Amino acid sequence: MINESMMDNLDIDWIKNRLKINGINICTLYYAETGSTNEDAAREIKKMDFLKNALDGILVIADKQNSGRGRKGRSFFSPEGTGLYMSLAVPYSEELIKTVKVTSIAAVAVAEAIDELIFENKNVTGIKWVNDIYIYEKKICGILTEAFMPEKERAGGVVIGIGINVYEPLCGIPNDLKNKAGYILTKEAGEINILKYEHGLRNSLAVSIIRKLLGYIRINENYYDIYKQKSILIGKYVYINSYKDDNNNETALVMDIDPECRLAVQYDDGSIEALSSGEVSVVKKQM
Ligand code: BTN
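What you see is a predicted model, and the numbers here were worked out from it, not measured in a lab.

1. Let's talk about the nonpolar core
Stage number 1. By size, the foremost hydrophobic cluster in this structure holds 71 residues, and its most contacted members are I114, I162 and I164.
Stage number 2. With eleven residues, helix α4 (residues 101-118) is the largest single contributor of residues to this core.
Stage number 3. When residues are assigned to domains, this core turns out to be shared by domain 1 (4-229) and domain 2 (237-282), each giving three or more.
Stage number 4. What I114 contacts, discounting residues up to four positions off in sequence, is F119, T125, I135, I140, I164, I184 and L205.
Stage number 5. I45, L55, I58 and A89 belong to the second largest nonpolar core, which has nine residues in total.

Following this line, the structure appears as structure tokens:
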């Protein structure tokens, strides 16, 4: 029987303390409901001095977002109680925002944490360049990173926004997302799963992701090999959706992920390009 105390409620103090034990000092904000945690984190950067407060980061977590934001101005479906919606702001660094580094690091941290905590270290997650996480051909996590340059009177920051569909939403998945979006655990699997974690899955996931993320940022640990090994695009034909033109239907074959985590593609005319930004979608019928 599952009682109230076993429910997977978010507990920001527990997250903060767990991170502290691991030598990570963050300031935290929790909302039962907010617009977008990325916007909240961006606002906090303006008020906070990372250096003066010896802070590794500012973490904003919400149980529900009313205007969760995705890439390319899209919205991110963020229903109550079943997802993990969080934004971690870290001090600004040119090195971090270079090419796709910070987004690739975040993707690896999330994918590894999910494999370890939920799938007993089996390699279940895949990364769709740049930073979508897939399980069983459905997207279960999106990441939106935004950089804020330092200005005269204040330090800048980089906001890493992570949205994970942990459990099947109680309200179901909207029709327009059904073919693409998924979740990690069904309602039934979620109920069994709740008993496995000392303090709930969502809290444990948050701690694990932040530890890994800051680890990769701090000591520049090798994340590239994992990123490449988890890539679900190598060898596939994709449509190149450039930022300029959403309806661009040019196709290319994905040859490789290079050490900068750029996508190396070959066009039909034989030319090769290393993409460092943009978005691609898999051609359903592979040629
Ligand atoms: C995408 O899939 O295009 C990126 C989605 C990013 C969603 C997360 S949820 C937490 C944070 N707050 C937001 O408004 N967006 C990010």
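2. Structural notes on the side chain of K101
Stage number 1. Along the chain, K101 falls in helix α4.
Stage number 2. Classification of K101 by relative accessible area gives buried; the value is 10%.
Stage number 3. A polar contact of 2.6 Å, which involves the side chain of K101, links it to the side chain of E95.

3. Considerations on the packing of α4 against helix α6 (residues 201-219)
Stage number 1. Packing of α4 against α6 brings their axes to within 8 Å, and their N-to-C directions diverge by 140°. One finds that α4 runs oblique with respect to α6. Our pair here, α4 against α6, has a crossing hand that is right-handed. Counted together, I105, A106, V108, A109, V110, E112, A113, I114, E116, L117 and I118 of α4 and L201, S204, L205, S208, I209, K212, L213, Y216 and I217 of α6 form the full contact between these two elements.
Stage number 2. Looking at the contact of α4 with α6 residue by residue, the class counts come to 15 nonpolar, two polar and three charged.

Rules of the game
Residues numbered from 1 in each chain as written. Predicted model: local features only at pLDDT ≥ 70, side-chain atom pairs only at ≥ 80, totals over all residues. Heavy atoms only, no water. Core = buried A, V, L, I, M, F, W, Y, C linked by side-chain atoms within 4.5 Å. Buried < 20%, exposed > 50% of the residue type's maximum accessible area, 1.4 Å probe, protein only. Helix = DSSP H or I, 4+ residues; strand = E, 2+ residues; numbered from the N terminus. Domains from an automatic or database assignment. Contact = heavy atoms within 4.5 Å. Polar contact = N/O pair within 3.5 Å; in protein donor to acceptor, adjacent residues only side chain to side chain. Axes fitted to C-alpha atoms, helices over the stretch in contact; angles between N-to-C directions. Parallel < 35°, antiparallel > 145°, perpendicular 65-115°, else oblique. Left-handed = near helix turned anticlockwise from the far one by under 90°. Nonpolar A, V, L, I, M, F, W, Y, C, P; charged D, E, K, R; others polar.

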